[in-house]
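Architecture and fold: a report
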Amino acid sequence: MRHIQILPEEVSSQIAAGEVIERPASLLKELLENSLDAGATRISVEAKGAGKKFLRVSDDGHGMDPKDCEVCLGRHATSKISRLEDIARLDTFGFRGEALFAAAAVSRLTIATCARDAETGWKLEAVGGKVLSSAPAPAVAGTTVEVKDLFYNTPARLKFLKSDAFEKSRLSGVLEEAALANPHVHFTYKSEGRTSLRFEREPAAETLARDKQRLISVLGKELAQNLLPITAERLGFKLRMFVSPVDGLVATRNFQHWFVNRRPIEARILQQALYRAYGTYRSKDRHPVCIAHLDLSPDSFDVNVHPGKREIRFKSDREIFELISGLVTTALFKTQAQASASIVREPSPLYTYPSEPFLQLDTAPTQELAATASMPRWFTPPYRYLGQIERSYLVFEAAGGLFVLDQHAAAERILFEKFLRDLESGNLKSQKLMLPLAIDLPASAVQKVLSQKNRLSRLGFEVEPFGKTALHVLSVPILFRKAEELKEMTHRLLETLENPAGAASDVRHDAVATIACKAAVKAHDALSPEEALRLLEDLKECADGSACPHGRRTIFSLNREELARKFQRPGAPPL
Ligand code: ADP
Ligand code: MG
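Small disclaimer: the values here were computed from a predicted structure and weren't measured.

Looking now at the packing of helix α12 (residues 443-450) against helix α14 (residues 483-498). At their nearest, the axes of α12 and α14 sit 10 Å apart, and the two run at 80° to each other. By the angle between their directions, the pair α12 and α14 is classed as roughly perpendicular. On the side of α12, the interface is formed by A445, K448 and V449, while α14 contributes T490, L493, L494, L497 and E498. Split into classes, the residues belonging to the contact of α12 with α14 amount to five nonpolar, one polar and two charged.

Rendered as structure tokens:
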């Protein structure tokens, strides 16, 4: 039996630190929150070694006097609340008094600060949570926190971090969120010695206009410009929101941000409300872009759910759900009504595609239905092609039964398996574009895609950064035809990477599935009987012909017995 012991201070503080500071990005989030709480209007951030070697946040906020500075690294040291009830009236991001304590416990930290109009400033240095020096410093208004060698004394933590490219993208992501939520603040971000992001203070006087301007600077014109604005005001509730029109959905959930009182949060209930509004306008793999700013009275939700303060709990889930989904539904409905008269433009081709038709046929086999006593299985010939319905489904008769093929899903499955084989044997050909294609994305998304550069290149995609907020695509697998398809592929990739289980094989599966989907015959394409039969034959050759790579079924059948039952016959008539 092991005996109980009280953990030494050093160990317990390292454990506690792990909850607040998981990675450089969570440290940055805490430091930005402190600067914003101090009323900063200019914040500059600098990171080196993906934030592990060095992370510095400087602000022009109200600073601290020497007395406060001396105690700010202590456990539960906060100027923001003094009683539990204060949380219900919270108007700051911080309140737990843990962030600086936690950061100091796992790094070499320096804090230099000077209160407004004070004659001198103060500087504190700590290593592994132990204060090494505390002394007067030059009177530079505001506060600078510098964190070096994060997790130097907790190697397990350090190992748990992902690649530098990924951690950098998380850092940019945190900065982008802070920028979206605070358009009145000027942000600069230097990464590895180069200015990586810069958001000027948005000058517009009106809040919605300011939000919109900042939105465009963060997400880029392409994603931001066509969003529908929604505003509403009720007692204790204010909403400003920007969402995709129904014809502007994208292949990733990556561009959805919710802010409650400027705090970036994750709340399933809000996302569910949004998705309910899109209802039937949306297919499974399409998602709205959504930036929503909610101002709520502090007593209508609880942020003290998680040390990272990313989750909140609403007092009335039902009410907020109905409100959001109702407002979005109305906005979508209104624009749908207006748009019904407008013209749909086809995206322009990226380059000319060798116009060989999908699934070339050599013969025109005519299959006769023969009388066999064997079990009617869809893959057992002979069968007869009866025709196409809805210009999407192919109907066949086989041994007295009937089966229906979804032509798009079937073609996708066939091509998916072919491309995987081609990829494995090195036959998936890539083609250089005449002009690189620029895809506008937030910097964090550009970095996320670039973190997969090698993997993408094995799939036939050559990508490069173009400026800070765009990606240049230089080569693509030969099957891509349109700029829109490439954008979709990029968004889909972001979606896969977002998923914590998004392993290497998923990226590959996803990319190949997208290529297959794009190259596959579409629903609404007219097919000749020969093409229909060929599709069926090819599907039979597939390792898993029953579903498309996205998991939709390709075929459904009614055998003789089932048909007979439908007509309340005692049994199938003899063949
Ligand atoms: P919390 O934000 O929950 O209060 P922190 O550990 O993040 O806890 O910060 C402790 C205290 O240090 C804050 O309450 C605040 O008084 C002070 N502080 C931290 N960062 C700054 C800053 N950038 N400007 C002014 N004061 C700061
Ligand atoms: Mg704080």
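The immediate surroundings of ligand 1 are formed by 20 residues, with N34, T78, S79, K80 and G97 found nearest. Take N34: an N or O atom from its side chain is 2.8 Å from an oxygen atom of ligand 1. K80 is positioned such that a nitrogen or oxygen atom in its side chain is 2.7 Å from an oxygen atom of ligand 1. Taken together, the elements giving at least two residues each to the shell around ligand 1 come down to α2 (24-37) and α4 (99-105). For the shell around ligand 1, the per-class residue count stands at seven nonpolar, nine polar and four charged.

Before going further, it helps to examine the nonpolar core. One recurring pattern in soluble globular proteins: nonpolar side chains tend to sit buried together. Counting 114 residues, the largest nonpolar core has L32 and F187 as the members making the most contacts within it. The next biggest cluster of nonpolar side chains, apart from the first, holds 40 residues, and it includes I81, F95, L323 and V328.

All right, on to the sheet that holds strand β17 (residues 393-398) then. Pairing is antiparallel in the open sheet, where four strands are placed in the order β16-β17-β18-β22. Two strands bound the open sheet, and with one partner strand each, they are β16 (383-389) and β22 (555-558). Adjacent strand axes in the sheet meet at a mean angle of 20° when their direction is disregarded. In terms of strand pairing, β16 meets β17 through six bridges, oriented antiparallel. Across the sheet, residue R384 finds its bridge partner in β17, namely E397. Along the sheet, helix α11 (residues 407-424) makes contact with β16, β17 and β18 (401-406), crossing β18 at roughly 70°. Relative to the sheet, helix α16 (residues 529-541) contacts β16, β17 and β18, its axis offset from that of β16 by approximately 115°.

Following the criterion strictly, the structure yields 32 salt bridges and no others. One salt bridge connects D37 with K80, and the closest N-O pair in it is separated by 2.9 Å. With D37 in helix α2 and K80 in the loop between α3 (66-71) and α4, this pair connects stretches of sequence that are 43 residues apart. For D37, a relative accessible area of 16% gives the class buried.

A separate point is the confidence of the model for the chain. Residues of the chain with pLDDT of at least 70 account for 90%, and the chain-wide mean is 85. Here residues 343-376 is a poorly scored stretch, pLDDT under 50, and it has 58 contacts once near neighbours within four places are set aside; other chains count.

Further remarks concern the side chain of H186. As for its placement among the helices and strands, H186 is situated in strand β7 (residues 186-191). Its relative accessible area of 5% is what places H186 among the buried residues. A distance of 3.4 Å separates a polar atom in the side chain of H186 from a polar atom in the side chain of R42. Beyond its immediate sequence surroundings of up to four residues, H186 is in contact with T41, R42, I43, R198, F199, E200 and R201.

What counts and what doesn't
- Residues numbered from 1 in each chain as written.
- Chains lettered and ligands numbered in written order.
- Predicted model: local features only at pLDDT ≥ 70, side-chain atom pairs only at ≥ 80, totals over all residues.
- Heavy atoms only, no water.
- Axes fitted to C-alpha atoms, helices over the stretch in contact; angles between N-to-C directions.
- Helix = DSSP H or I, 4+ residues; strand = E, 2+ residues; numbered from the N terminus.
- Parallel < 35°, antiparallel > 145°, perpendicular 65-115°, else oblique.
- Contact = heavy atoms within 4.5 Å.
- Nonpolar A, V, L, I, M, F, W, Y, C, P; charged D, E, K, R; others polar.
- Near = heavy atom within 4 Å.
- Polar contact = N/O pair within 3.5 Å; in protein donor to acceptor, adjacent residues only side chain to side chain.
- Core = buried A, V, L, I, M, F, W, Y, C linked by side-chain atoms within 4.5 Å.
- Buried < 20%, exposed > 50% of the residue type's maximum accessible area, 1.4 Å probe, protein only.
- Pairing = 2+ DSSP bridges.
- Salt bridge = Lys/Arg side-chain N within 4 Å of Asp/Glu carboxyl O.
- pLDDT = per-residue confidence, 0-100.

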